[in-house]
Amino acid sequence: MRRPFAILAAALLVGAFAVPASAADGDEDFTIKDPRITESSGLAASRLHPGIYWTHNDSDDGPYIYAVDSRTGETVARLTLTGVGTPRDVEAISVGPGNRIYVGDIGDNLGGSWPHVWIYELPEPKTLKDQTIRATQYVVKYSDGARDAESLVVHPKTGRVYIVDKNEKGGHLYEGPAELSASGTNVFRPVAAVPDLEATDATLSPDGEHLVVRSYFGAIAYDWNGGKIKRKERLGVPFLGQGESVTYTADGTRLMYGAEGADSSVEGQDAPGGSGSSSGSGSPAAEGEDGSGDGLDGNLKTGAIAVAVACAALLGLRGLRRRK
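Along each chain, residues carry numbers from 1 onward, in the same order as the chain's sequence is written. It should be noted that, the model being predicted, local features are given only for residues of pLDDT at least 70 and side-chain atom pairs only at 80 or more, the latter also being counted only at that level, while totals for whole chains, interfaces and linings use all residues. Side-chain calculation: all heavy atoms of the structure are included, whereas hydrogens and water are not.

J.: Can you tell me about unusual backbone geometry, naming the residues and giving the values?
T.: One non-glycine residue, Asn99, lies in positive phi territory at about 55°. Locating Asn99 in the fold gives a position in the loop between strand S6 (92–96) and strand S7 (100–105). Only protein chains enter the area calculation, which uses a 1.4 Å probe; residues under 20% of their type maximum are buried, those over 50% are exposed, and those in between are partly exposed. By relative accessible area, which is 25% here, Asn99 ends up partly exposed. For Asp196, which is not glycine, the phi dihedral falls at a positive 75°. Position of Asp196 among the secondary structure elements: in the loop between strand S14 (185–195) and strand S15 (201–204). By relative accessible area, which is 45% here, Asp196 ends up partly exposed. The secondary structure listing takes helices from DSSP runs of H or I that are at least 4 residues long and strands from runs of E that are at least 2 residues long, numbered from the N terminus.

J.: Give a detailed account of the confidence of the model for the protein chain, specifying residues and quantitative values.
T.: Predicted confidence across the protein chain gives a mean pLDDT of 82, with 76% of residues reaching 70 or more. The predictor reports its confidence for every residue as pLDDT, a score running from 0 up to 100. By definition in these notes, contact holds between two residues if any of their heavy atoms fall within 4.5 Å. Across residues 1–27, confidence stays below pLDDT 50; counting only partners more than four residues off in sequence or on other chains, it has 53 contacts. Here residues 275–324 is modelled with pLDDT under 50, and outside its nearest four sequence neighbours on either side it reaches 54 contacts, counting other chains as well.

J.: Any details on the pairing of strand S20 (residues 254–259)? Residues and values, ideally.
T.: Counting buried positions along S20 yields six of six residues, so the element is predominantly enclosed. Residues Arg254, Met256 and Gly258 of S20 are buried on one face, and the alternating residues Leu255, Tyr257 and Ala259, pointing to the opposite face, are buried as well. When DSSP finds two or more bridges between a pair of strands, those strands are recorded as paired. As paired elements, strand S19 (residues 243–248) and S20 share five bridges and run antiparallel to each other. Note on S20: the bridge partner recorded for Ser245 is Gly258.

J.: Kindly report on the packing of aromatic side chains, identifying the contributing residues and their values.
T.: Aromatic pairs are defined between Phe, Tyr and Trp rings, using the six-membered ring for Trp, whenever the two ring centres lie within 6.5 Å; interplanar angles under 30 degrees are classed as stacked, those over 60 as edge-to-face, and all others as tilted. Applying the stated rule across the entire model yields five aromatic pairs. Summarising the aromatic geometry, the rings of Tyr142 and Tyr174 are spaced 5.1 Å apart at their centres and angled 70° between planes, so their arrangement reads as edge-to-face. Taken together, the residues Tyr142 in strand S10 (residues 136–142) and Tyr174 in strand S13 (residues 170–175) connect sequence positions 32 residues apart. Look at Tyr174 and you get buried, because its relative accessible area is 0%. With centroids separated by 4.9 Å and ring planes inclined at 85°, the aromatic side chains of Tyr162 and Trp224 adopt a geometry described as edge-to-face. One end of the pair, Tyr162, is in strand S12 (residues 161–165); the other, Trp224, is in the loop between strand S17 (219–223) and strand S18 (230–235), and 62 residues separate them in sequence. An identical accessibility class is assigned to Tyr162 and Trp224; each is buried. In textbook terms, an aromatic cluster arises when at least three aromatic residues are bridged by ring pairs, as seen for Tyr216, Phe217 and Phe239.

J.: With reference to specific residues and values, describe the environment of Gly218.
T.: With respect to the element layout, Gly218 can be found in the loop between strand S16 (210–214) and S17. Linking Gly218 and Leu235, residues 17 residues apart in sequence, is a C-alpha distance of 6.2 Å. Those residues in contact with Gly218, other than ones at most four positions away along the chain, are Leu197, Val213, Leu235 and Val237.

J.: Which residues make up the nonpolar core, and what are the values?
T.: The biggest cluster of nonpolar side chains holds 19 residues, and the ones touching the most others in it are Ile65, Leu81, Ile101, Val103 and Leu122. Secondary-structure elements contributing two or more residues to this core are strand S3 (52–57), strand S4 (64–69), strand S5 (75–82), S6, S7 and strand S8 (117–123). Excluding its chain neighbours within four sequence positions, the residues that come into contact with Leu81 are Pro63, Ile65, Tyr120, Leu122, Ile133 and Ala135. Buried Ala, Val, Leu, Ile, Met, Phe, Trp, Tyr and Cys residues form a nonpolar core when they are joined through side-chain atoms within 4.5 Å.

J.: Account for the sheet that holds strand S2 (residues 40–45), naming residues and giving values.
T.: Spatially, S2-S3-S4-S5-S9 is the arrangement adopted by the five strands of the open sheet, whose pairing is mixed. The open sheet has two edge strands with one neighbour each: S2 and strand S9 (131–134). The sheet shows a mean angle of 30° between the axes of neighbouring strands, taken without regard to direction. Relative to S4, S3 is paired through four bridges, and the arrangement is antiparallel. Its bridge partner being in S4, Thr55 is matched across the sheet by Tyr66. With axes taken as lines fitted to C-alpha atoms, and helix axes fitted only over the stretch in contact, angles between N-to-C directions fall between 0 and 180 degrees.

J.: Any details on the sheet that holds S15? Residues and values, ideally.
T.: Sheet architecture is open: four strands sit in the order S15-S16-S17-S18, paired in antiparallel fashion. Strand pairing shows two members of the sheet lacking a second neighbour, S15 and S18, which therefore form its edges. Geometrically, the sheet is characterised by an average inter-axis angle of 20° between neighbouring strands, direction not taken into account.

J.: For the environment of Phe30, give the residues involved together with the corresponding values.
T.: The residue Phe30 is located in strand S1 (residues 30–31) in this model. Using a relative accessible area of 7% as the deciding quantity, one classes Phe30 as buried. On a C-alpha basis, the gap between Phe30 and Ser70 in space is 5.6 Å, while along the polypeptide they are 40 residues apart. For Phe30, the residues in contact, after removing those within four places along its chain, are Tyr53, Val68, Ser70, Gly73, Met256, Ser264, Ser265 and Val266.

J.: Give a description of the side chain of Thr200 that names residues and reports values.
T.: Among the secondary structure elements, Thr200 is positioned in the loop between S14 and S15. The exposure class of Thr200 is buried, given its relative accessible area of 0%. Those residues in contact with Thr200, other than ones at most four positions away along the chain, are Glu150, Ser151, Lys166, Arg214, Ser215, Tyr216, Gly243 and Glu244.

J.: Account for the pattern of salt bridges, naming residues and giving values.
T.: Put simply, a salt bridge is a Lys or Arg side-chain nitrogen that is within 4 Å of an Asp or Glu carboxyl oxygen. Counted according to the given criterion, the structure contains nine salt bridges. Between Glu121 and Arg100 there is a salt bridge, and its shortest N-O distance comes to 3.0 Å. One end of the pair, Glu121, is in strand S8; the other, Arg100, is in strand S7, and 21 residues separate them in sequence. When the shortest N-O distance is used, the salt bridge between Asp144 and Arg147 registers 3.3 Å. For Asp144, a relative accessible area of 40% translates into the label partly exposed. A relative accessible area of 18% places Arg147 in the buried class. The network of salt bridges with common partners includes Asp144, Arg147 and Asp165.

Next comes the structure, spelled out in structure tokens:
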């Protein structure tokens, strides 16, 4: 779902709340250079090919996914999916057990009006080159009615698929059947609330113990807890534009954040709980006394003050112009 006005309006404020630039530095940061990828809306680290990240366009592209080499930013393979219909609004991608890739055609820009959405499953190829691969298409419905969603994760041990719906007031984690069926409808049911953010992507750690859900301008980390997720902390994310994607690195030590747009950047931060993590402390001082994430640490307060001064200066200049 595109919200250019809201994103531009919030950009200045977000700059004040972004983590320091040093927190986003890392050997794996890269820029997606392929001119065909202008709406990167999902990101998944390959377990089979180190340093490779799978991505796809949001819509109006076709049945394609792209393998991007983080060392160069170049596309090393474009896969064409057969055995599926015409993709409608592809929003998420995840790698499950056995190096199986799951693609979530789960977006609904009409606010939850599609009678069903789809998930595509295909094997990750052992050789990276442009090729056509047959995928399995699954029909998906929600037990409580149609909805928009942009986040899909696959548990790395059980292979169970989960979706987080997108709602300005917060959504829910939806659990799919133990095994998806290609011959019938797969009903996803809500199992946990995901409040306080409008989810644009999610990712599970490689050990299946931690979940991170992101929005345009922030993220929240959870303990997986067998699917009965427990909130740990609010995370700062690098501001890259329209923040649409997140994935754990293959070793689980970092989180890689991406955005839509031509020549879009992918930047990493230490995963929460890791040594030297700078993505958020989870303490009351960082999240506010009620854990809501409204508290400001020193860096955030400094940024907020800087924005306030800049806004005051702009308003002053406008006032002077009106007097002339």
